[in-house]
Amino acid sequence: MKTKVIGLVMAIMGWAGLYGQKNCSTSSYRDRVSQNDPSVAAAWNSIESFTNNYINNQAGIAARDLRGTVIKIPVVIHILYHFPEENISDAQVIKQLDVLNKAFRRRNADTILTPPVFAALAADCEIEFELAVSDPRRRNTSGIIRKYTPVKEWQDNDEMKFSATMGDDAWDTKSYLNIWVCKMQRVAGYSSLPGADPLKDGVVLATNVFGSGRVTGLDMGKTAVHEVGHWLNLHHLWGDEYCGDDKVNDTPKQGGYTAGCPNTTQISCNNGPYGNMYMNYMDFTSDACMNMFTQGQKLRMRALFETGGPRSLLLNSTGLQAPLVFETPLPEDPPRWLYPQVYPNPARDEIILDIAYDIRWIGKTINVLNLQGQVVLQLTLSSKIQSIPLRSLSPGLYILRARKEDGEIIQQKFVKL
């Protein structure tokens, strides 16, 4: 009984740490999705059955056996930035793709750090990632989309995946791996799982962990490896519960996630003498200690691409084929100001309110108040550069005031001559 109580306390402490740390929110995201849409859970069960059949009876899959074939996945990177420093460089994107490819092909230099007891299980997954050269209409592309957004910080709720919510719409998710890079709130990244809503399918990564990140422990681009692992149907090693099941046979059970960068054997769930496989990409270890996928994880990922598999159509994508149409896209310039501008001030006949930095203000009501707090003028904002007539007002000091649903306000003083 005492042992069970200790185990329960450890589990609670582990989960408190996990959600306090919030490095990867894929498991909580997955739970929310399945609660909101029961059909998704049914799709996941079907995919799990397909995956198990493939793993247990590879020889029975004759229509297209991909063993020994390197799978190449077209990638489109959606960079959403508010401040200029969030508009990361092409070099940073290339660096991140290089980290992904080395990890999935087991060509990273730190593979020598895999403990000998686990080295025999380590796999070259024979999966590679390349920036798309053709978009869904076969137009030329760099595979990198840059888009100014008025949103300063995002949550793990998929809003960055839609232009309607100031994000960017996914390219055909049956033909591309979509990766959104944006400033995240408390989260390093999360991913959809195969079988989810195709409009939301893809990986989201925080700007400060993408490529060579700026967060201690997450500074080598391996958060992307972890999240793409989820996108390819891998789970956390602990199965998202104490001593849970990650559905892979050659990864030892473990009690929870591993923090930091251990240098000794970590034993849990009776997995001695070798202990936790904390150097696996699907743990929460610091980037410097992650260096392997297993053969079992490889089989699970590659099952998705067999005939009838949920990611099999990626093999027919034209994203890596030469484009048929060559166009030079017009650059989308960010607004000059990242806050509301009121001019001229003082003014006689009208003032101009510049809200180009955030078009979500359009359609909102703005009030002009006198110093007694009385509304003396009210109008609906209808343009990014809004004219506000002042002829009906007496000379004096006034306040412009408006509020959005998210709590953001405009409150600007001006003088009417």
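Residues numbered from 1 in each chain as written. Predicted model: local features only at pLDDT ≥ 70, side-chain atom pairs only at ≥ 80, totals over all residues. Heavy atoms only, no water.

K.L.:
Whenever I open this one, the pairing of strand β12 (residues 396-403) confuses me. Can you help?
P.N.:
Regular strands place their side chains on alternate faces of the sheet. For strand β9 (residues 365-369) and β12, the ladder comprises 3 bridges, and the chain directions are antiparallel. Residue pairing for β12: V368 is matched across the bridge by L400. Judged from the 8 bridges that link them, β12 and strand β13 (residues 409-416) form a sheet pairing that is antiparallel. Paired with R403 across the bridge in β13 is I409. (Pairing = 2+ DSSP bridges. Helix = DSSP H or I, 4+ residues; strand = E, 2+ residues; numbered from the N terminus.)

K.L.:
So what exactly am I meant to see when it comes to the nonpolar core here?
P.N.:
Within soluble globular proteins, side chains that are nonpolar tend to cluster in buried spots. I77, F104, F129 and L232 are the most contacted members of the largest nonpolar core, which totals 48 residues. Every element with two or more residues in this core is listed here: β1 (71-81), α4 (90-104), β2 (127-131), β4 (177-182), β6 (203-206) and α6 (222-231). In terms of residues, this core owes the most to one element, α4, which gives 6 residues. Not counting chain neighbours up to four residues away, the residues in contact with F129 comprise I73, V75, L97, L100, N101, F104, L177, V228 and L232. (Core = buried A, V, L, I, M, F, W, Y, C linked by side-chain atoms within 4.5 Å. Buried < 20%, exposed > 50% of the residue type's maximum accessible area, 1.4 Å probe, protein only. Contact = heavy atoms within 4.5 Å.)

K.L.:
Before we go on, may I ask you to explain unusual backbone geometry in this structure?
P.N.:
Where the residue is not glycine, phi is negative for most of them; where a peptide bond is considered, it is trans in most cases. For the bond from G272 to P273, the omega torsion is 5°, close enough to zero to count as cis. Within the secondary structure layout, P273 lies in the loop between α6 and α7 (295-303). Cis geometry marks the peptide bond from N345 to P346, where omega comes out at 10°. Looking at where P346 falls in the secondary structure, it is placed in the loop between β7 (341-343) and β8 (350-354). For E126, which is not glycine, the phi torsion reads 55° and is therefore positive. Mapped onto the fold, E126 is located in the loop between α5 (116-119) and β2.

K.L.:
What should I look at first to understand the packing of helix α3 (residues 38-56) against α7 in this one?
P.N.:
Between two packed helices, both the angle of their axes relative to each other and the distance between the axes serve to describe the pair. One way to put it is that α3 packs onto α7 with a least axis distance of 9 Å and a crossing angle of 120°. In terms of orientation, α3 and α7 fall into the oblique class. Regarding α3 and α7, the two cross each other, and that crossing is right-handed. On the side of α3, the interface is formed by E48, F50, T51, Y54 and I55, while α7 contributes L299, R300 and A303. Residue composition of the contact of α3 with α7, by class: 5 nonpolar, 1 polar and 2 charged. (Axes fitted to C-alpha atoms, helices over the stretch in contact; angles between N-to-C directions. Parallel < 35°, antiparallel > 145°, perpendicular 65-115°, else oblique. Left-handed = near helix turned anticlockwise from the far one by under 90°. Nonpolar A, V, L, I, M, F, W, Y, C, P; charged D, E, K, R; others polar.)

K.L.:
When you look at the state of the cysteines in this model, what are you seeing that I'm missing?
P.N.:
Think of a disulfide as a covalent bridge from one cysteine sulfur atom to another cysteine sulfur atom. Taken as a whole, this structure holds 2 disulfides when the rule is applied. What pairs with C261 in a disulfide is C289, and their sulfur atoms sit 1.6 Å apart. The S-S bond linking C261 to C289 shows a torsion near 75°; that makes this disulfide right-handed. A residue pair is termed long-range when its members are at least 10 positions apart, and C261 in the loop between α6 and α7 and C289 in the loop between α6 and α7 qualify at 28 residues. C261 gets classed as partly exposed once you look at its relative accessible area, which sits at 43%. With relative accessibility at 11%, the residue C289 sits in the buried group. Here the bonded cysteines of the protein chain are numbered in sequence order, and their pairing is 1-3, 2-4. Cysteine C125 is unpaired, with the sulfur of C24 as its nearest cysteine sulfur at 17 Å. Counting only cysteine sulfurs, C24 is the nearest neighbor of C182, a cysteine outside any disulfide, at a range of 14 Å. (Disulfide = S-S within 2.5 Å.)

K.L.:
Explanation requested: empty space enclosed by the protein in the structure shown.
P.N.:
Gaps left between atoms show up when a probe the size of a water molecule is rolled over them. According to the stated counting rule, one finds 2 cavities of 30 Å³ or more in the structure shown. Volume-wise, the largest cavity comes out at about 100 Å³. Looking at the lining of the largest cavity residue by residue, the classes come out as 5 nonpolar, 4 polar and 4 charged. In this structure, the second largest cavity spans a volume of roughly 40 Å³. If you trace the second largest cavity, you find it lined by T26, S27, R30, L193, H230, L234, H235, H236 and D240. Element by element, the count of residues in the lining of the second largest cavity is highest for helix α2 (residues 26-36), at 3 residues. A per-class count over the lining of the second largest cavity returns 2 nonpolar, 5 polar and 2 charged. (1 Å grid on protein atoms, 1.4 Å probe; cavity = no way out; pocket = protein on both sides within 12 Å on 5 of 7 lines; lining within 4 Å. Points joined across faces, edges and corners; volume = space filled by probe spheres on them.)

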